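Spelled out, the chains give:
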Amino acid sequence: MPQPCKRLPPAYQRRGTLDLSQNRKLLIALNLVGLVAFILFGLLFLKFAAWLRPEATVTLTLAGVLVVLLGSVLVILLHEALHGFGFWLFTRERPTRRKLLCLAGQSSRSRAAAEPASVAVSAAPDAMIWRP
C-alpha cells in the first residue's frame, strides 16, 4: 500500500502562489464575492422552490436567515474537520500548510494515478454528506 507523501517530490515545481495572508484586499474581495453568490443562489433556490410548488408559501424572516447562516457555518466547519480527520487518519500527524500542499500535489494528478489516501481525504466530506 502506498504511503502518504510527507515531503514534496523532487520533480515538484511551483508555478505560482495564491497566499491570501499576504493580500488582504484579495481576501476581502473573495469573501464578498462568496457572500453575494451565497445570497443570490439562496434567492434563486427560493424562486425555484416557489415555481415547483406554487401552493407553498415561503416567509423570509430574520430568524430564518440566521438559522440558515448558522447552519451553513456549521456545515463548512464539519466539512473541513472531515478533511483534517482524513489527513490525520492516513498520516497520523496534525495537518500543516506544508503537509496539505504535499497532499494537494498528489491529488492534482490524474484520478487513476492518485494515491488512495489522497482521494479518500479529498472525498471524505462528500461521502459523509451523500451517504444513503
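Residues numbered from 1 in each chain as written. Predicted model: local features only at pLDDT ≥ 70, side-chain atom pairs only at ≥ 80, totals over all residues. Heavy atoms only, no water.

Visitor: Which parts of the structure should I look at to understand the overall build of the chain?
Guide: Per the secondary structure count, the chain includes four helices and zero strands. For the chain, the α and β elements follow one another from N to C terminus as α-α-α-α. Expressed as a percentage of the 132 residues in the chain, the buried residues total 12%. Sequence-distant contacts, at least 24 apart, represent 60% of the contacts inside the chain between residues at least 6 apart. (Helix = DSSP H or I, 4+ residues; strand = E, 2+ residues; numbered from the N terminus. Buried < 20%, exposed > 50% of the residue type's maximum accessible area, 1.4 Å probe, protein only. Contact = heavy atoms within 4.5 Å.)

Visitor: How should I be thinking about the pattern of salt bridges in this particular structure?
Guide: Working definition: two side chains of opposite charge can pair if their charged atoms are close together. For the coordinates displayed, the defined rule picks out one salt bridge. Put simply, Glu55 and Arg53 hold a salt bridge, and the shortest N to O gap is 2.9 Å. (Salt bridge = Lys/Arg side-chain N within 4 Å of Asp/Glu carboxyl O.)

Visitor: What's the story with a nonpolar patch on the surface in this structure? I'm lost.
Guide: A surface patch of nonpolar side chains, amounting to about 1100 Å² of accessible area, comprises Ile28, Leu32, Leu35, Phe38, Ile39, Leu43, Leu60, Leu62, Val65, Leu66, Val68 and Leu69. Counting only elements with at least two residues in the nonpolar patch, the list comes to helix H1 (24-52) and helix H2 (62-91). Inspection of the secondary structure assignment puts Leu60 in the loop between H1 and H2. (Patch = residues over 30% accessible without salt bridge, like charges linked within 9 Å, V, L, I, M, F, W, Y side chains within 5 Å. Areas by Shrake-Rupley, 256 points an atom, 1.4 Å probe, with all protein chains shown as cover.)

Visitor: I'm lost on the confidence of the model for the chain in this one. Help?
Guide: Low-confidence regions, as indicated by low pLDDT, have predicted coordinates that should not be scrutinised in detail. For the chain, per-residue confidence averages 76 on the pLDDT scale, and 68% of positions sit at 70 or higher. When pLDDT is averaged over each element of the chain, H1 comes out on top at 91 and helix H3 (residues 97-107) at the bottom at 53. Low pLDDT, under 50, characterises residues 105-114; the stretch is placed with 10 contacts to residues that sit more than four places away or in other chains. (pLDDT = per-residue confidence, 0-100.)

Visitor: What is the right way to look at H2 in this model?
Guide: An α-helical turn contains 3.6 residues, so a residue and the one three or four places further along point in the same direction. If you check H2, its first and last C-alpha atoms are 44 Å apart, about what 30 residues at 1.5 Å a residue would give, namely 44 Å. Inspection of H2 places Leu82, Gly86, Phe87 and Thr91 among the buried residues, and these make up the whole buried set. Looking one or two places after H2, you find Arg92, whose phi comes out positive at around 60 degrees. (Expected span 1.5 Å × (residues − 1).)

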